[in-house]
Amino acid sequence: MKLLSDRRALGAIALLVVALLAPLGLGGWEYGLDVLFLIFLYGAMASSWNLLGGFAGQVSFGHAAFLGIGAYTTAILSARGVPLPFAVVASALLAGVFSLLIGVPAFRLRGPYFSIATIGIGEATRLIALNWTGLTGGASGLTLAEAPTIHVQYYAALALCVVAVLFSVWTKWSRFGLALAAVRQDPDAAETLGVHTTLAKINALFASACLIGAAGSLYAVHYLFVSPDSVFGFSTSIAFVIMPIIGGIGTIAGPIVGAAVYTFIREQFAATLANADLLAFGLLLIAIVVFEPRGIAGIAKRAQRAISKRTEKAAPDAG
Amino acid sequence: MVFAETLVSALLVAGLYAAMSYGLALIYGVLKIINLANAGFLMLGAYITWWLFTTYHLDPRLAPLLIVPAFFFIGWGLERTLVRRVLGSEPIISLLLLFGVWLVLQNLAYVIWTGDTRSIENAFVESSVTVGGLQVAWPRIYVFVAGALTLVALQLFLTRTYLGRAIRATAQDRDAARLAGIDVDRVMGIAFGIGIALGGFAGSLLSLIFSFTPDFGRALSLKSFCIVVLGGLDSIVGVAFGSLALALAEAFGVRFMAASLQNLISFVLLVVVLVVLPKGIAGAIRSVRR
Amino acid sequence: MPDSVLRGRGLTKRFGGLTAVSDVDIDVVRGEILGLIGPNGAGKSTLFRLISGVMKPSAGTIELLGKPMTGKSPNAICVAGIAFTHQIVRPLRELSVRENVSVGAAFGRSPRASHAEVHRIVDDVLRFIGLADRADAEARSLTLSGQKRLEIARALATDPAVLLLDEVLAGLNPTETDRTLELIREVRDRGVTIVMVEHNLRAVRSLCSRIVVLVEGHKIVEGAPDAVLSDQRVVDAYLGSAAHA
């Protein structure tokens, strides 16, 4: 077990080194860097959603709200000359504060009821962004004047992704993570064992929202444009759900793998057939839920088991 | 006058809301799962009506004759093949499954019919009647009547037929129903089929009133959830009351806010009801009566 | 009573028109095993739910070691020192036995933050309860008696002052029953005060120092086991319910 986790850590460090050096290797190939940026940005988003949806089992269909708040905060602040690092922090905090406002009432709801209320939360924030024209520019959205270089963006997304993953790792092995696991399994039983379940869920939501608010900030400076439909749109909320489920809900690596698969499929279809990507994701989602609820991580685990079984069988012959 | 006008329009809208929510309540009642794919079937019902009308010149009022049986079999098959596999899992799994079904339906529609806005235009759809100085569109009256008749038909079916009683028994207590000799698995498949057929029927009705895109039904579905929660999740009559409550709240609420924010009302109502009255209005009345 | 650990006064719970628990006073003395008996539907489990905070009483107060508990949430009550086992076992199914017990140790009356401390408590409890060899198994893979012992283990790990046991013997075979009775005595010897709802009157007689009898939500008798079990009202209540059944 120890060896396995060490091997995983080594693998993660190797990947990180590759990611750090990638811009050198890619040289001037902007598209490649662009795709990698998106993978890390989406990876950070998926990983953050997973804190609440995976670890605590509270599936949210409205996480676009936090991305949107982060993106708009950065767009509005940068128009007033606030430097980017401050804008990122402000975006994260504002999304976090908003999550506390909605978390307190929403977490009086259980499981599927919570999930349905989050559809409403996502829709409500989109409508507000659409109608609060003075602040948000309404349907035409806001444009940003200048972006940092793609290299700066790339490293910022990578850093955010690393933070999200490290936070997930810490959560998984901490007392906090134990509380979330208990909440996911049986909130009533958790409660009678001394777990303040509402507080645990709100903490998970807050962490998730802050990280996604920061991701929204990077989104805004990457595209230099935010509009209600782009960041607050339901398709954004869908992406938050799909990525961790493809990769493996409730796992550490799953959301990152899911983000990579998501980005890849989307880029494949983007040029050919509009909406075919979402059709593919729908089919994938159905297949995963029915056959392997742990997604790619679950498949990998099965494969690993099958291989180790075969080597066990083979061992006596060899020895 | 304005008051009467608002009241009449709210009443008509309530019939429409009820029509699109019965299926949700029936499926929740019997299978205890939330049919997140309802929006997809509403949309599909509308598109098929439109497609039959534009391609074969079929009167949109006759489309349900084809849609209802077809959707019943689609729903029944869906329950047999997919939904059944996840019924024993945590509720969130079935929610995700039906979310996936919705995504497939929605984006299949994008691929087949593109994202262009469609609408049905014929003499009936554009006709209206003036009653006491109040102009009301015929399709709205038609949809209201259809919604009300569906309520009556469903109530009769659920109370007067063996299958209907079996459905109600299964909704109340699955294990007891099984002990009483009811083939619960079969009943669940049929109930899901009926729920989906009701969704297709409602979509077909809606196509007479609204223009639509493949994303049609999402905002409406949120309203359906609100209605079903208001009505107490599994009661058909509760749905009728929930529809009326939401329609009234919207009709009068919109006089105090921008029309574009009308959809916010259902959301706010949904959250308020979920938080304050977790058992819905019907549940609250029931517990007070006790 | 000077040494009362847990004190309930006028506890009442109404569901609509039905009164499940009606004006019950209860005192639990430090170090005792108090039996709570009564026919089906007498309100025993409801009384437990009121004490553990899962339900709010319609009227009445609860004090633990002199501190008011009425209306607090279940987690606050657990942290204050009242633990309970569910009548129908509620393991955290996909978590390991160790993780199940860790939840209690990490969040109970004396919550422990450090891994080492949680580990030590959990090891101790698992050995004591006899689940050490199944520590890494998923909770759902245990047998019923294993899951019942897990319920007790989790509750013990919260370091309770008072432990409420709701029909822990139901569904166990005679060997398992004897083992569990022995276990309950040992828990008491560790200094935990115990209140148990139990249908097995033989077990109640052998284990409990005092008995409270509930019938139709009312407390009708309370006292030493032999006196209570031979009390005519108790006999009538049990015979009456048997006649109805």
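Criteria and thresholds
Residues numbered from 1 in each chain as written. Chains lettered and ligands numbered in written order. Predicted model: local features only at pLDDT ≥ 70, side-chain atom pairs only at ≥ 80, totals over all residues. Helix = DSSP H or I, 4+ residues; strand = E, 2+ residues; numbered from the N terminus. Rg over C-alpha atoms; globule rule 2.2 N^0.38 Å. Contact = placed C-beta atoms within 7 Å. Buried ≥ 20, exposed ≤ 12 C-beta atoms within 10 Å, placed from the backbone. Pairing = 2+ DSSP bridges. Nonpolar A, V, L, I, M, F, W, Y, C, P; charged D, E, K, R; others polar. Core = buried A, V, L, I, M, F, W, Y, C linked by C-beta atoms within 7 Å. Axes fitted to C-alpha atoms, helices over the stretch in contact; angles between N-to-C directions. Parallel < 35°, antiparallel > 145°, perpendicular 65-115°, else oblique.

Visitor: I would appreciate a short explanation of the overall build of chain A in the present structure.
Guide: Per the secondary structure count, chain A includes 15 helices and 2 strands. Its C-alpha radius of gyration of 20 Å places chain A within 12% of the 20 Å reference for a compact globule of 319 residues. Structurally, chain A occupies a C-alpha span of about 75 × 55 × 35 Å along its principal axes. Considering only residue pairs separated by 6 or more positions, chain A has 77% of its internal contacts joining residues 24 or more positions apart.

Visitor: Looking at this structure, I do not really get the environment of C:Arg120. What am I missing?
Guide: Position of C:Arg120 among the secondary structure elements: in helix 4 (residues 115–129). Separated by 15 residues in the primary sequence, C:Arg120 and C:Ala105 have C-alpha atoms spaced 9.6 Å apart.

Visitor: Quick question: what am I supposed to make of the environment of B:Gly23 here?
Guide: All names here are of chain B. Relative to the assigned elements, Gly23 resides in helix 1 (residues 2–31). On the basis of neighbour counts, which here come to 31 C-beta atoms within 10 Å, the residue Gly23 falls in the buried class. In the structure, Gly23 is positioned 15 residues away from Asn38 in sequence and 8.0 Å away in space, judged by C-alpha atoms. The contacts of Gly23, once residues within four sequence positions are left out, are Asn38, Gly195, Ile196, Leu198 and Gly199.

Visitor: What exactly am I supposed to notice about the pairing of strand 7 (residues 162–166) of chain C here?
Guide: The two faces of the sheet receive side chains in turn, since in a regular strand these alternate between them. All names here are of chain C. Buried residues dominate strand 7, accounting for 5 of its 5 residues. Of the two faces of strand 7, the one lined by Val162, Leu164 and Asp166 and the one lined by Leu163 and Leu165 are each fully buried. Bridge count between strand 6 (residues 82–85) and strand 7: 4 bridges; the pairing is parallel. Bridged to Ala83 within strand 7 is Leu163. As paired strands, strand 7 and strand 8 (residues 193–197) are joined by 5 bridges and run parallel to one another. Its bridge partner being in strand 8, Asp166 is matched across the sheet by Val197.

Visitor: Can you walk me through the sheet that holds strand 1 (residues 4–15) of chain C in this structure?
Guide: The pairing of strands in a sheet comes from backbone hydrogen bonds and takes either a parallel or an antiparallel form. Residue and element names in this part refer to chain C. Across the sheet, 4 strands lie side by side as 2-1-4-5; this open sheet has antiparallel pairing. Across the chains shown, the open sheet's two edge strands, defined by having one partner strand only, are strand 2 (18–29) and strand 5 (67–68). Strand direction decides the pairing type here: strand 4 (residues 59–64) and strand 5, joined by 2 bridges, are antiparallel. Considered in strand 5, the bridge of Glu63 is made with Pro68.

Visitor: Looking at this structure, I do not really get the pairing of strand 9 (residues 210–215) of chain C. What am I missing?
Guide: Residue and element names in this part refer to chain C. Counting buried positions along strand 9 gives 5 out of 6 residues, so the element sits mostly inside the fold. Examined bridge by bridge, strand 3 (residues 33–37) and strand 9 share 4 bridges and lie parallel to one another. By the bridge assignment, Leu34 is partnered in strand 9 with Arg210. Pairing geometry for strand 9 and strand 10 (residues 218–223), over 5 bridges, is antiparallel. Paired with Ile211 across the bridge in strand 10 is Gly223. Taking the residues that link successive antiparallel strands as the turn, the strand 9-strand 10 hairpin has 2 residues, and the phi of Glu216 there is positive, at about 50 degrees.

Visitor: Is there a simple way to think about the interface of chain C and chain A in this case?
Guide: Where interface size is given, it is often the accessible area lost as the parts come together that is meant. Facing 23 residues of chain C, the contacting portion of chain A comprises 17 residues. Elements represented by at least two residues in the side of chain C that touches chain A include exactly helix 2 (74–80) and helix 3 (97–107) of chain C. Sort the elements by how many residues they give to the side of chain C that touches chain A and helix 3 of chain C lands first, with 6 residues. When the residues that make up the side of chain C that touches chain A are grouped by side-chain class, the tally is 12 nonpolar, 6 polar and 5 charged.

Visitor: Would you take a moment to explain the interface of chain A and chain B for this structure?
Guide: At the junction of the two partners, chain A supplies 34 residues and chain B supplies 32 residues. At the level of elements, helix 5 (111–131), helix 12 (234–247) and helix 14 (276–291) of chain A are the ones that each hand at least two residues to the side of chain A that touches chain B. Residue contributions to the side of chain A that touches chain B peak at 12 residues, all from helix 5 of chain A. Considered class by class, the residues forming the side of chain A that touches chain B number 25 nonpolar, 7 polar and 2 charged.

Visitor: Before we go on, may I ask you to explain the nonpolar core in this structure?
Guide: One finds A:Leu41, A:Ala157, A:Ala215 and B:Ala191 to be the most contacted residues of the largest nonpolar core, which totals 279 residues. The element that contributes the greatest number of residues to this core is helix 1 of chain B, accounting for 17 residues.

Visitor: Even after reading the chapter, I still don't get unusual backbone geometry, so can you show me in this structure?
Guide: What you tend to see is this: most non-glycine residues have negative phi, and most peptide bonds are trans. Residue and element names in this part refer to chain C. One non-glycine residue, Leu65, lies in positive phi territory at about 50 degrees. Structurally, Leu65 can be placed in the loop between strand 4 and strand 5. One non-glycine residue with positive phi stands out, namely Asp159, at about 60 degrees. Considering the arrangement of structural elements, one finds Asp159 in the loop between helix 5 (144–157) and strand 7.

Visitor: Would you mind showing me how to read the sheet that holds strand 10 of chain C here?
Guide: Residue and element names in this part refer to chain C. Taken together, 6 strands build an open sheet; the order of strands is 6-7-8-3-9-10 and the sheet is mixed. Because the sheet does not close on itself, it has two edges, and the strands there are strand 6 and strand 10. If you compare each strand with its neighbour and ignore which way they point, the axes differ by 20 degrees on average. Against the sheet, helix 1 (residues 44–52) makes contact with strand 3, strand 6, strand 7, strand 8 and strand 9, and its axis sits at roughly 150 degrees relative to strand 7, the strand it touches most. Packing against the sheet, helix 5 makes contact with strand 6 and strand 7, and its axis sits at approximately 170 degrees to strand 6.

Visitor: Looking at this structure, I do not really get the packing of helix 7 (residues 162–172) of chain B against helix 9 (residues 184–206) of chain B. What am I missing?
Guide: When two helices pack together, their arrangement is given by the angle between the helix axes and by the axis-to-axis distance. All names here are of chain B. Between helix 7 and helix 9, the least distance of the axes is 10 Å, while the angle of their chain directions is 100 degrees. By the angle class used here, helix 7 and helix 9 are roughly perpendicular. In contact with Leu163, Ala166, Ile167 and Thr170 of helix 7, helix 9 contributes Val184, Val187, Met188, Ile190 and Ala191. Here the residues of the contact of helix 7 with helix 9 are counted per class, giving 8 nonpolar, 1 polar and no charged.

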